[in-house]
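This is what each chain is made of:
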Amino acid sequence: MAVARPALRSGAASRPPDGFRTVTTVVSLAAPVVLVAIVLVVGSGALPAIRHFGLGFFTSRAWDPVRDKFGALPMIYGTVVTSFLALVMALPVGIGVAIFLAQQGAPRIRAAIGTGVELLAAIPSVVYGIWGLYVLAPWLLIHVSRPLSTRLGSIPIFAGPALQTNLLIASIVLAVMVLPTLSAISRDVIRAVPSGMREASVALGATWWETTWKVVLPAARAGIFGATILALGRALGETIAVTMVIGNRHDIPTSLLLPAYTLASAIANEFSEATGTLYPSSLIFLGLVLMLVTLAVNVIALLLVRSISREARV
Amino acid sequence: MTRNWRRQLSNQVARLLVYLMAAIALVPLSMVLIYTVVSGLPALTHLEFFTNVERPVGIPGAGVAHAFVGTIVMVGLASLMSIPLGIISGIQLVEYGTGRVGDAVRLACDVMVGIPSIAIGLFIYALLVAPLHHFSGLSGAVALAVLMLPVVVRTTESAVALVPGALREAGLAVGLPRWRVALQLVLPAAVPGVVTGALLAVARAAGETAPLLFTAFGNRFMIFDPTKAMPALPLIVFHDALTPYPDLVRTAWGAALVLIILTLLVNVASRVALRRQISLAAKL
């Protein structure tokens, strides 16, 4: 019995039509299509404001819906300050946790702390908001903000009168929220450091800390940097928790103890009551700026983290 | 000798600091959990909390039943949209995803996870709310689906990739077509991992507030029709917590506690599912 054998040619021309491949490929394009659509739709929504204000939008402090004058400077300031402070606070803790989780021994305690930090990421943003507003804010005002402003009030960043909702508490809440991102990725990067490097260092008589500080952390530096930038992306875009604790004032306070505003919280607060053309469009412009910045930040972070894991595989 | 002593001391100090940092990391988690339970329980002890809808301030017996319904309807619709799409995309990434399309899908998913959820709210507002001139539960569901999609895609991909290649080769060797190998052989072996991803995505969507603010908008009444504005648990927490009325703040804490319980349950369930996936992969 002669069975027809397909010719042994290589290349796509000889491949039988694979309907499954076509269907799944078309379906999988949903994610990139949606991504492009987000950028295009938000960009076109911002067009009226872009045309009207141009680059002056970024340097203007005005926010006057009645006269249709809008500027993004206070929100950019609040977003940058809170995210930066959050990273400064979260970095030592996050790297400490990562070192702790990446080391050998004490598997039970490590599992407990690892799970605990992961659960931090699972708690909804709005729960951090209500906790920050009703628990952390009053405590912080009495035990930190007021003493700071009365004793160190002459320093501009601690100038009073201290209020409950301010830049400081927004930064602290953000620090808690980016901690899981920071520690989970740093832990993976630290674990990816070849054990040969560790062993060589210990064999030369270095202590645990000398090995960690002078061998492991420098080897994981780029990855930890990537984790930090990823955490920065989270912090910049965080909306609800920050909206509930930052005080929402169009202002550029030098003091950390005064209320401010962020890009995301301005949108969350004002968009549903924005009327006319320029007002909502300006808010969408804020959203566009926020989105493009976080997109850039995320791509940089992804490239950094990916290059590390590729190096580790080699 | 003194130099050695100093090295040992700094080693011990550094070790202590690292332990301290690890302990500090647990403080916010326990504080959030303790205060939410303590402040949320008084609301939950009344059965009306689960059966009634909002009442005017000062009238007892207010509940959040409408928000439960809204959250379930919207997250359900979002799951119907995003989970099948995400699973098929994830399978595509493993089966055929070595080329340029696969790279584009992966990059798009990784980037989408990082997009601020408020921007997704703006996107859906411009796409579905503004042209139709009214807020709707459906637009909220689409916003949540956009949030869920990349999570489902990437977790499905990693779960399916965990399935040993021998299983796929065995299927192809007995002459099964590619789609039967992928859907009837490989996917069943990856079910626990896929379920984990779907559960995590559902939990994330159920807790999101920002994308619902100007899509679903919120509602004081019991609504089953997703073409109308819909309430949701996170929206209740956000709006009620910012009012000056103790009644409403108590309701907000109650809803926050429900959200936390929900998230913790889903996380525990996903951990169990993940463990089963790993043991299953080991058996194959």
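These lines cover the structure that appears in this document, whether it is placed above or below. Here the structure is a predicted model, which means the values were calculated and not measured.

### Remarks on the overall build of chain B
- The secondary structure content of chain B amounts to 11 helices and zero strands.
- Ordered by position from N to C terminus, the α and β elements of chain B give α-α-α-α-α-α-α-α-α-α-α.
- What you see for chain B is a C-alpha radius of gyration of 24 Å, clearly larger than the 19 Å of a compact globule of 284 residues, by over 25%.
- Taken along the three principal axes of its C-alpha coordinates, chain B extends 70 × 70 × 35 Å.
- Looking at chain B as a whole, 52% of its 284 residues are labelled buried.

### Quick notes on the interface of chain A and chain B
- Listed per partner, the contact involves 64 residues of chain A and 72 residues of chain B.
- By residue class, the composition of the side of chain A that touches chain B is 45 nonpolar, 17 polar and two charged.

### Thoughts on the nonpolar core
- Judged by nonpolar contacts, the single largest core of 193 residues is most densely connected at Ile130 and Val173 of chain A together with Val237 of chain B.
- Considering every element that reaches this core, the biggest residue donor is helix 6 (residues 167-192) of chain A, with 17 residues.
- Dropping the residues within four chain positions of it, Ile130 of chain A is found in contact with Met244 of chain A together with Val237, Ala241, Ala252, Trp253 and Ala256 of chain B.

### Details of the packing of helix 5 (residues 125-152) of chain A against helix 10 (residues 233-241) of chain B
- Two elements in contact, helix 5 of chain A and helix 10 of chain B, have axes separated by 9 Å at closest approach and are oriented at 20°. One finds that helix 5 of chain A runs roughly parallel with respect to helix 10 of chain B. The crossing of helix 5 of chain A and helix 10 of chain B is left-handed. Two secondary-structure elements touch here, helix 5 of chain A through Val126, Gly129, Ile130 and Leu133 of chain A and helix 10 of chain B through Pro234, Val237, Phe238 and Ala241 of chain B.
- The residue inventory of the contact of helix 5 of chain A with helix 10 of chain B, partitioned by class, reads seven nonpolar, one polar and no charged.

### Some remarks on unusual backbone geometry
- You will see that Asp68 of chain A, though not glycine, has its phi angle at about 55°, which is positive.
- Relative to the assigned elements, Asp68 of chain A resides in the loop between strand 1 (63-64) and strand 2 (69-70).
- Asp68 of chain A sits in the partly exposed class, given 14 other C-beta atoms within 10 Å.
- Despite not being glycine, His133 of chain B shows a phi value in the positive range, around 65°.
- By secondary structure assignment, the location of His133 of chain B is in the loop between helix 5 (117-132) and helix 6 (137-162).

Procedures and definitions
Residues numbered from 1 in each chain as written. Chains lettered and ligands numbered in written order. Predicted model: local features only at pLDDT ≥ 70, side-chain atom pairs only at ≥ 80, totals over all residues. Helix = DSSP H or I, 4+ residues; strand = E, 2+ residues; numbered from the N terminus. Rg over C-alpha atoms; globule rule 2.2 N^0.38 Å. Buried ≥ 20, exposed ≤ 12 C-beta atoms within 10 Å, placed from the backbone. Contact = placed C-beta atoms within 7 Å. Nonpolar A, V, L, I, M, F, W, Y, C, P; charged D, E, K, R; others polar. Core = buried A, V, L, I, M, F, W, Y, C linked by C-beta atoms within 7 Å. Axes fitted to C-alpha atoms, helices over the stretch in contact; angles between N-to-C directions. Parallel < 35°, antiparallel > 145°, perpendicular 65-115°, else oblique. Left-handed = near helix turned anticlockwise from the far one by under 90°.

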